[in-house]
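Architecture and fold: a report
Listed below are the residues making up each chain.
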Amino acid sequence: MADKKKKNLPPAAQRYQTFAKHREVKRPLLINCIKAFLVGGFICFIGQIISTIYVYFFGFTEQTAGNPTVATLIFITMFLTGFGVYDRIGQFAGAGSTVPVTGFGNSVISAAIEHRSEGFILGVGGNMFKLAGPVIVYGVFSAFVIALIKTMLIKWGGI
Amino acid sequence: MLTGHRTWIFENQPVIISTGTVGGPFEANGNIPDAFDILHDDMWLKQSSFEKAQRTMLEEACQIAVKNSLIQKEHVKFFISGDLINQITPSSFAAKTLDVPYFGLFSACATSMESLALASFIINGNGADYILSGTASHNAATEKQFRYPTEYGGQKPPTAQWTVTGAGCALVAENGEGPRVTSATIGKVVDMGMSDPFNMGGAMAPAAVDTIETHLRERDVDPTYYDLIITGDLGHIGRETSLDLLQKKNIAVPEENYKDCGLTIYREGQPVLSGASGTASSAIGVYGHFLNLMEEQQLNRILVVATGALHSPLSVQQGDSIPCIAHAVSIESGSDKT
Amino acid sequence: MKTLKILLTLGLICLLIGCTTNNNTSENNQNVNFSTISANSSIDQTASNQAKKRLSQREVITSVNAVNTDKQMIMAFEIEHNKRFQLTDIRKDIQKNMNKEFSDLKVEVSTDKKLVLEIGKLEEKIDQANISKKKLQKEVDRLIKLMKDKT
């Protein structure tokens, strides 16, 4: 994809891009993967602890404890984001803190905090899902497509 | 007077009679805290938005510049300014407070030198006797507009830069004591197809080199004529790429005389990745730090090349590359003239 | 590029290991955790005891809890950790077997940890004769409802 874009450029630009690549500090991919793995796993570990607490001390089964666990995790994320800690974790962990539900919470909460200066309705309300919007749109859309495929397979494929 | 295609030589040599620089908490903790007239310990400056804070910093910088000179604000004929925020509103609101006739400019992080070049040209041509030239930028306001909300946990790559929270303003005059603006080269838009908004240094390097090369050729001086050639905010990546490019073009700029404001403002150990950026980077670097050095007679002649990346979040989303520009202004102490 | 290839290969290997299905249903599992409820308790638990003995013979099962009334029986069991990928299959299998064997009772089987805890508590109460028939029926109904709860 990047190469295709490059081919549309004049030769001087192509030469410069190859030239400039040498000076570009590359992201340390392997270390980033390890950091993401460890931090992501740790967040899931915390989630499991919370889930187990809900099963043992409250009236939830393993199945139904999912909802309050997610809510608790997002509540914790709210504090971390508000106190300016989550973006430091994010710079360290990358995908490890973005992919779990805490990352989703962070994207909504940080946008809401940021746009407070533009008022509650257009500012906070209108901009809150700036980053999370695509997640919701494409999540719902893909669920719809899969459900459609499943329905067709069941009805006509007899599966 | 125009020499060559796009270089002005200022025969009357307008003078920078005073400057004003303001910084935020991160800059206070940086490499050159003495370069600032005011340092704030709060990003909000007790305002209700980051954009208002940026406006306040620009107003403060202008007021200090006027106060440090011997003239009244009413003598200032024009205010030439710009910034990174949409529709350059912080500069316009500052102009309202200053109550001075106003030219609004935009060339991203190259605005400070575009402003100084135009101010010097107007004064050199007897179009005014006192002009305020300055810019401001704010880290949070810029991140909000160009990238992600400040508290978002996205990981920035090592080529990214940190926008300076601050303002720098210079009062340029027809006569007086101080460093003199001797020439300026206006930049052309240079676009090498770089499209990563997290690597502006690499995108801006060709523009800087183009302007430096043109300036040296049209003014007919060699690189050693200047004690320092200072770029605005190329950062580590941009500086090294531009040095490679200069070498390729056989322009012998000695590495120790090639400085970057983006690498001067912050210390090692501050999480600024590739270096500082923003309109205030070059303004504070030059008006705060390097002119101080000139006053202490450590420098005689400097060439300031402010670099700007002329993209917008929309243009990047629409798949466009990042066109860049660099404006150069030469400032000399005049200690070797009568 | 090279790092990516190595990571992808490792990921693929891990996935393949996890997807293996084992079909050993050997008998004589020694370490199953369950307790038979004494016969002198007021509420007859022979069906549950029988079910527990039957299930404990399966190798994959590590502990069983079961309680029955006149018409219903609820069971909850735990399996070996490395067999958790086949949890649903094992549960369905056991549900079918229990339905066949105890055709006169309505049998509900669960693998949920909460159910294991709750049925265990219920077993203790029955053993200590701490619970009336009516209360037992109510509890069993509550637990069946809990089993069916999806969210």
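About the cut-offs
- Here, residues in each chain are numbered from 1, in the same order as that chain's written sequence.
- Starting at A for chains and at 1 for ligands, labels are handed out in the order in which the entities are written.
- With pLDDT at 70 or above as the cut-off, local features in this predicted model cover only qualifying residues; side-chain atom pairs require 80 or more to be listed or tallied, and sums for whole chains, interfaces and linings still use all residues.
- Numbered from the N terminus, helices here are DSSP runs of H or I no shorter than four residues, and strands are runs of E no shorter than two.
- For the radius of gyration, the atom set is restricted to C-alpha positions; the globular benchmark scales as 2.2 Å times the number of residues to the power 0.38.
- Whether a residue is buried, exposed or partly exposed is read from the other C-beta atoms within 10 Å of its own C-beta, which are placed from the backbone; 20 or more gives buried, 12 or fewer gives exposed, and intermediate counts give partly exposed.
- Contact definition: two residues whose C-beta atoms, as placed from backbone geometry, lie within 7 Å.
- By convention the nonpolar core is taken to be a set of buried residues drawn from Ala, Val, Leu, Ile, Met, Phe, Trp, Tyr and Cys and joined through C-beta atoms within 7 Å.
- Segmentation of the chain into domains, including their bounds, is taken from an automatic or database domain assignment.
- Strand pairing is assigned whenever DSSP detects at least two bridges linking the two strands.
- The angle between two axes is taken between their N-to-C directions and runs from 0 to 180 degrees, where each axis is a line fitted to C-alpha atoms and a helix contributes only its stretch in contact.
- We call Asp, Glu, Lys and Arg charged. Ala, Val, Leu, Ile, Met, Phe, Trp, Tyr, Cys and Pro are nonpolar, and the rest, Gly among them, are polar.
- UniProt positions are given in the numbering used here, feature names are shortened, and annotations may be inferred rather than shown by experiment.

When its secondary structure is counted, chain A shows 9 helices and 0 strands. Secondary structure elements in chain A, listed N-terminal to C-terminal, are α-α-α-α-α-α-α-α-α. The C-alpha atoms of chain A give a radius of gyration of 22 Å, which is well past the 15 Å a tight globule of 159 residues would have. Taken over the C-alpha atoms alone, chain A extends approximately 70 × 55 × 40 Å along its principal axes. Out of the 159 residues belonging to chain A, those deemed buried represent 25%. A fraction of 53% describes how many contacts in chain A between residues 6 or more apart in sequence connect residues 24 or more apart.

Bringing the nonpolar core into the picture now. Formed by 104 residues in total, the largest nonpolar core has its most connected members in Ala61(B), Ile131(B), Met204(B), Val304(B) and Val305(B). Inspection of this core shows a minimum of three residues originating in each of domain 1 (2-173) and domain 2 (180-332) of chain B.

Once that is clear, we can look at the arrangement of the chains. Where the 2 pairs of chains in contact are concerned, the greatest contact count is recorded for chains A and B. At the C-alpha level, the nearest point of chain B lies 18 Å from chain C, with no contact between them.

The next thing to look at is the sheet that holds strand β3 (residues 106-110) of chain C. Residue and element names in this part refer to chain C. The strand order β1-β2-β3 describes an open sheet built from 3 strands, whose pairing is mixed. In the strand order of this sheet, the two ends are held by β1 (61-68) and β3, each with one partner. Sheet twist, expressed as the mean angle between neighbouring strand axes with direction ignored, is 20°. With 7 bridges joining them, β1 and strand β2 (residues 72-79) adopt antiparallel strand pairing. Each bridged residue has a counterpart across the sheet, and for isoleucine 61 the counterpart in β2 is isoleucine 79. Those strands touched by helix α2 (residues 46-56) are β1 and β2, and its axis lies near 165° from that of β1. Relative to β1, helix α4 (residues 113-127) is tilted by about 55°, and along the sheet it contacts β1, β2 and β3.

Below, the discussion takes up the domain arrangement of chain A. Partitioning chain A into domains gives domain 1 (25-128) and domain 2 (132-159). A separation of 26 Å is found between the C-alpha centroids of domain 1 of chain A and domain 2 of chain A.

So, about the interface of chain B and chain A. Each side of the interface is counted separately: chain B has 25 residues, and chain A has 28 residues. Every element with two or more residues in the side of chain B that touches chain A is listed here: α6 (200-219) and α7 (235-248) of chain B. Sorting elements by how many residues they give to the side of chain B that touches chain A places α7(B) first, with 4 residues. Here the side of chain B that touches chain A is composed, by residue class, of 9 nonpolar, 11 polar and 5 charged.

Attention now goes to the UniProt feature "coiled-coil region" (unreviewed entry) in chain C. Mapped onto the present numbering, the UniProt feature "coiled-coil region" (unreviewed entry) falls at residues 119-146 of chain C. Note that residues 119-146 of chain C is 82% helix and 0% strand, and that its end C-alpha atoms are spaced 12 Å apart.

Contact with chain C, which involves 10 residues of that partner, is made by 10 residues of chain A. Those elements that provide at least two residues to the side of chain C that touches chain A are α1 (2-18) and α4 of chain C. Ranked by residues supplied to the side of chain C that touches chain A, first place goes to α4(C) with 3 residues. Of the residues that constitute the side of chain C that touches chain A, the class distribution is 3 nonpolar, 2 polar and 5 charged.

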